[in-house]
2 protein chains.
Amino acid sequence: MPRPSTPLLSPDRIRSVALEIIDRDGLDGLSMRKLAASLGVQAASLYGHVRTKDQLLNDIASSILSSVDVSGFAVDWREGLIRCARSYRAALSSHPNIVPFLAYGPAGRAESLQRLDLLHGALVDAGWSRREATMIAAGLMYIVFGSALSSFSSGFSADPADYSGRYPHLDRAHLLPAVAHELDRDSFELALAAFVRGL
Amino acid sequence: MPRPSTPLLSPDRIRSVALEIIDRDGLDGLSMRKLAASLGVQAASLYGHVRTKDQLLNDIASSILSSVDVSGFAVDWREGLIRCARSYRAALSSHPNIVPFLAYGPAGRAESLQRLDLLHGALVDAGWSRREATMIAAGLMYIVFGSALSSFSSGFSADPADYSGRYPHLDRAHLLPAVAHELDRDSFELALAAFVRGL
DNA sequence: TGGGTTAACCTAACACTGTTCGGTTAATCG
DNA sequence: CGATTAACCGAACAGTGTTAGGTTAACCCA
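Residues numbered from 1 in each chain as written. Chains lettered and ligands numbered in written order. Predicted model: local features only at pLDDT ≥ 70, side-chain atom pairs only at ≥ 80, totals over all residues. Heavy atoms only, no water.

Within an unreviewed UniProt entry, the label attached to chain A reads TetR family transcriptional regulator, and the organism entered is Lentzea alba.

Visitor: Whenever I open this one, the nonpolar core confuses me. Can you help?
Guide: Generally speaking, nonpolar side chains in soluble globular proteins are found buried as a group. Membership of the largest hydrophobic core comes to 132 residues, with the highest contact counts inside it found for Leu35(A), Leu81(A), Leu92(A), Leu35(B), Leu81(B) and Leu92(B). In contact with Leu81(B), other than residues within four places in its own chain, are Phe73(B), Leu119(B), Leu123(B), Ile136(B), Leu140(B), Val196(B) and Leu199(B). (Core = buried A, V, L, I, M, F, W, Y, C linked by side-chain atoms within 4.5 Å. Buried < 20%, exposed > 50% of the residue type's maximum accessible area, 1.4 Å probe, protein only. Contact = heavy atoms within 4.5 Å.)

Visitor: What should I look at first to understand the relation of the copies chain B and chain A in this one?
Guide: Both copies of the chain are related by one operation, a rotation about an axis with a shift along it. The two copies are related by a screw motion: chain B maps onto chain A through a turn of 180° and a shift of 0.0 Å along the axis, at an RMSD of 0.1 Å. Taken together, the rotation and translation describe the operation of a two-fold axis. When the interface residues of chain B are mapped onto chain A, 100% of them again lie at the interface, so the same face is used by both copies. (Least-squares fit on C-alpha atoms with pLDDT ≥ 70 in both.)

Visitor: Even after reading the chapter, I still don't get the protein's contact with DNA strand D, so can you show me in this structure?
Guide: Leu8(A), Gln42(A), Ser45(A), Tyr47(B) and Thr52(B) are the nearest of the 23 residues found near DNA strand D. Near-protein atoms of DNA strand D (within 4 Å) split between backbone and bases, with sugar and phosphate holding 65%. Thr52(B) places a side-chain nitrogen or oxygen 2.6 Å from a phosphate oxygen of DNA strand D. For DNA strand D, a phosphate oxygen lies 2.8 Å from a polar atom in the backbone of Lys53(B). Elements with a minimum of two residues in the surface near DNA strand D: α3 (43-46) of chain A together with α2 (32-38) of chain B. Residue classes in the surface near DNA strand D are distributed as 12 nonpolar, six polar and five charged. (Near = heavy atom within 4 Å. Polar contact = N/O pair within 3.5 Å; in protein donor to acceptor, adjacent residues only side chain to side chain. Helix = DSSP H or I, 4+ residues; strand = E, 2+ residues; numbered from the N terminus. Nonpolar A, V, L, I, M, F, W, Y, C, P; charged D, E, K, R; others polar.)

Visitor: Would you mind showing me how to read the interface of chain B and chain A here?
Guide: Note: interface size is frequently given as the accessible area lost on complex formation between the parts. Residue-level contacts link 57 residues of chain B with 57 residues of chain A. Where chain B abuts chain A, roughly 5,000 Å² becomes buried across the two surfaces, and 68% of that area is made up of carbon and sulfur atoms. Across the chain B-chain A interface, the total number found is four salt bridges. As a salt-bridge pair, Glu182(B) and Arg131(A) come within 3.6 Å of each other at their nearest N and O atoms. At the level of elements, α6 (99-104), α7 (110-125), α8 (130-149) and α9 (176-198) of chain B are the ones that each hand at least two residues to the side of chain B that touches chain A. For the side of chain B that touches chain A, the leading source of residues is α8(B), giving 15 residues. Classifying every residue of the side of chain B that touches chain A gives 33 nonpolar, 14 polar and 10 charged. (Buried area = accessible area lost by both parts, 1.4 Å probe. Salt bridge = Lys/Arg side-chain N within 4 Å of Asp/Glu carboxyl O.)

Visitor: What is the right way to look at the pattern of salt bridges in this model?
Guide: Any two side chains of opposite charge can pair, so long as their charged atoms come close to each other. Enumeration over the complete set of coordinates arrives at 18 salt bridges over all chains. The shortest N-O distance in the salt bridge between Asp186(A) and Arg131(B) comes to 2.6 Å. Of this pair, Asp186(A) sits in helix α9 (residues 176-198) while Arg131(B) is found in helix α8, placing the two residues in two different chains. With a closest N to O distance of 2.9 Å, Asp12(B) and Arg15(B) form a salt bridge. Highlighted residues: Asp12(B) and Arg15(B), both in helix α1 (residues 11-25), separated by three residues, approximately one helical turn. Of the residues examined, Asp12(B) reaches a relative accessible area of 55% and is grouped as exposed.

Visitor: I tried to follow the packing of helix α5 (residues 77-93) of chain A against helix α7 (residues 110-125) of chain A on my own but got confused; where do I start?
Guide: Packed helix pairs are specified by the crossing angle of their axes together with the interaxial distance, meaning the distance between the axes. Residues and elements named next belong to chain A. Running from N to C, α5 and α7 point in directions that differ by 160°, and their axes come no closer than 10 Å. As the angle between them shows, α5 and α7 are arranged roughly antiparallel. Helix-helix and strand crossings are classified by hand; for α5 and α7 the assignment is left-handed. Across the interface between the two elements, Trp-77, Leu-81, Cys-84 and Tyr-88 of α5 pack against Ser-112, Leu-119 and Leu-123 of α7. Taken together, the residues of the contact of α5 with α7 sort by class into six nonpolar, one polar and no charged. (Axes fitted to C-alpha atoms, helices over the stretch in contact; angles between N-to-C directions. Parallel < 35°, antiparallel > 145°, perpendicular 65-115°, else oblique. Left-handed = near helix turned anticlockwise from the far one by under 90°.)

Visitor: Sorry, what's going on with the UniProt feature "DNA-binding region" (unreviewed entry) in chain A here?
Guide: The residues that UniProt annotates with the feature "DNA-binding region" (unreviewed entry) are residues 31-50 of chain A. Helix makes up 55% of residues 31-50 of chain A and strand 0%. Its end C-alpha atoms lie 14 Å apart. (UniProt positions renumbered as here; feature names shortened; annotations may be inferred.)

Structure (structure tokens):
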């Protein structure tokens, strides 16, 4: 195919279809050839619009994180922490398959830094030292990312035989997958509440 | 090379050298061919001792997690939570490059389940409901894994120019890598203390 | 001591991966 | 109308995990 009358590709369309594939087939399910095929194109054509696969994933991650809400700090810092953590987790858990990618790289994404800066400033304004503010922000990220990884409740097998006998206190662990979603949310809320209350 | 007089390979040796490579070159730095070369062998030979690369990584992960200490529950549940979290984090941060792998898969490793069972039982014995015990255990894992990912402090650039101006409250963020280790530990301790206190 | 079996390694290949190079054609601008 | 540029393609490169089939040494038993 020569140059088409109307372009088939655009960075936006590439990102959007790539995210669909990640959501459907997982992070390993995304390859440049498969992505190109989904776009009706050859793999090499993608590199006219995207610098590298890693950059593509970073851009996708950034666009997901851009929905994080840090407006709560206008009220007070506790409310700010809680709202920020909730919307952060909501953003991540709407596309859980990309979370392991975030676990790799540096947090040097502009979106993250901008929000982190605001969070840090609000904590300092509330009277915390710079060092304390950094640690509190880190602790909040621990809970957010830890819960978003969710290799916890969703990591349990659905087969009772895997647990009964061997792990007496986990004899109902096989029920977890069924209520994993709800339990994950509640566990996150409990951890968040306990953390903020304990500060 | 035909069959050697004394075997060159054993599952233990493979695991140990693989972990060395991961520690030195990162998770992506480990390939079966490179591992084989480090062992003075061809890649195909590994498959006589190891079922698959994924299985190899799982075995390595299990052996790392086997050092997690849950003895603190003999004292009381708060002490148990704190000690368990500390030794869990210590185990992970002694080989930080393998943590992203753990973020992928199910937590269905026998070592994890055994410790989780004990933790769950101790919390129930202390008067928490089964559901609460599950959520508390989950919250603890959030903090442990979140802090072990450490895409936080170690994710900052060492170049001041990346921050100054753009992010007013992060104008000293470039100092983070230098004290990342210490700050990570302190942030973890703060989060852990706040979480347990807040329960 | 000899013969068969098995264990341990090898070479070669398969189907992938991300990425680059050079070519072809259509749209666009002066 | 001519030159430039943008958009796509085919083919290739070096790398990946993994498997099949072959070769030889070590081991066990008669």
